[in-house]
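# Residue-level structural notes
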Amino acid sequence: MSGSSSEASSGSSVSGSSSEASSGSSVFRVLLRMQIHSGMEREFERTWFQVGQAVTDHPANLGQWLARSQEEEGVYYIVSDWADERRFREFEHSQGHLAHRTRLHPFRSGGTMTTMRVVYAMTGAGTGP
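None of these values were measured; they are calculated from a predicted model.

By the secondary structure assignment, His97 is in helix H5 (residues 95-104). Exposure remark for His97: the relative accessible area of 14% places this residue in the buried category. In contact with His97, other than residues within four places in its own chain, are Phe91 and Glu92.

Printed below as a string of structure tokens:
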């Protein structure tokens, strides 16, 4: 990448491409890795979708995604973006989240949670004009 860091953070085009870069420092991201009991994967996916609105209805939630690993059997990744950590933590300790976790817990055989701050966000050329 030949653009300077000031170009990247200002949102200008980098290296003549149509990709736009912006500072994402305000986005708080949560990454869950979940191992699902063998044979329960499809039911887990349906249940996750059914209860997902408990997350996306929160005013601080910016979106969430469920992804199935292509390399590890029964492994899923859940990514959710939040306006800030404080409001994510409020949601994490809420009754709504407890109900959400209670519905998903029977499918889990293990998992981890990692939190992070988005430093830069770049939109790819494939997203359209």
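Having put the structure on the table, let's press on.
As for its placement among the helices and strands, Ser69 is situated in the loop between strand E3 (61-68) and strand E4 (75-82). Judged by its relative accessible area of 16%, Ser69 falls in the buried class. Engagement of the side chain of Ser69 in a polar contact is seen with the backbone nitrogen of Glu72, the distance being 2.9 Å.

Looking now at the pattern of salt bridges. Between side chains of opposite charge, a pair can form when the charged atoms approach closely. Taken as a whole and assessed by the stated rule, the structure comprises nine salt bridges. Across the pair Arg29 and Asp81 runs a salt bridge whose closest N-O atoms are separated by 2.5 Å. Placement of the pair is Arg29 in strand E2 (residues 28-36) and Asp81 in strand E4, with a sequence separation of 52 residues. With a relative accessible area of 27%, Arg29 lands in the partly exposed category. For Arg68, the salt bridge is made with Glu45, and the minimal N-O distance between the two is 2.4 Å. On the criterion of sequence distance, the pair formed by Arg68 in strand E3 and Glu45 in helix H2 (residues 41-51) is long-range, its members being 23 residues apart. On the basis of relative accessibility, which here comes to 45%, the residue Arg68 falls in the partly exposed class.

Counting nine residues, the largest nonpolar core consists of Met34, Ile36, Phe44, Trp48, Val51, Tyr76, Ile78, Leu104 and Phe107. Elements represented by at least two residues in this core include exactly E2, H2 and E4. Residues within four places of Phe107 in sequence aside, it is in contact with Gln35, Ile36, His37, Met40, Glu43, Phe44 and Thr47. One finds Phe28, Val30, Val55 and Phe88 within the second-largest nonpolar core, a separate group that totals seven residues.

Cut-offs applied
Residues numbered from 1 in each chain as written. Predicted model: local features only at pLDDT ≥ 70, side-chain atom pairs only at ≥ 80, totals over all residues. Heavy atoms only, no water. Helix = DSSP H or I, 4+ residues; strand = E, 2+ residues; numbered from the N terminus. Buried < 20%, exposed > 50% of the residue type's maximum accessible area, 1.4 Å probe, protein only. Contact = heavy atoms within 4.5 Å. Polar contact = N/O pair within 3.5 Å; in protein donor to acceptor, adjacent residues only side chain to side chain. Salt bridge = Lys/Arg side-chain N within 4 Å of Asp/Glu carboxyl O. Core = buried A, V, L, I, M, F, W, Y, C linked by side-chain atoms within 4.5 Å.

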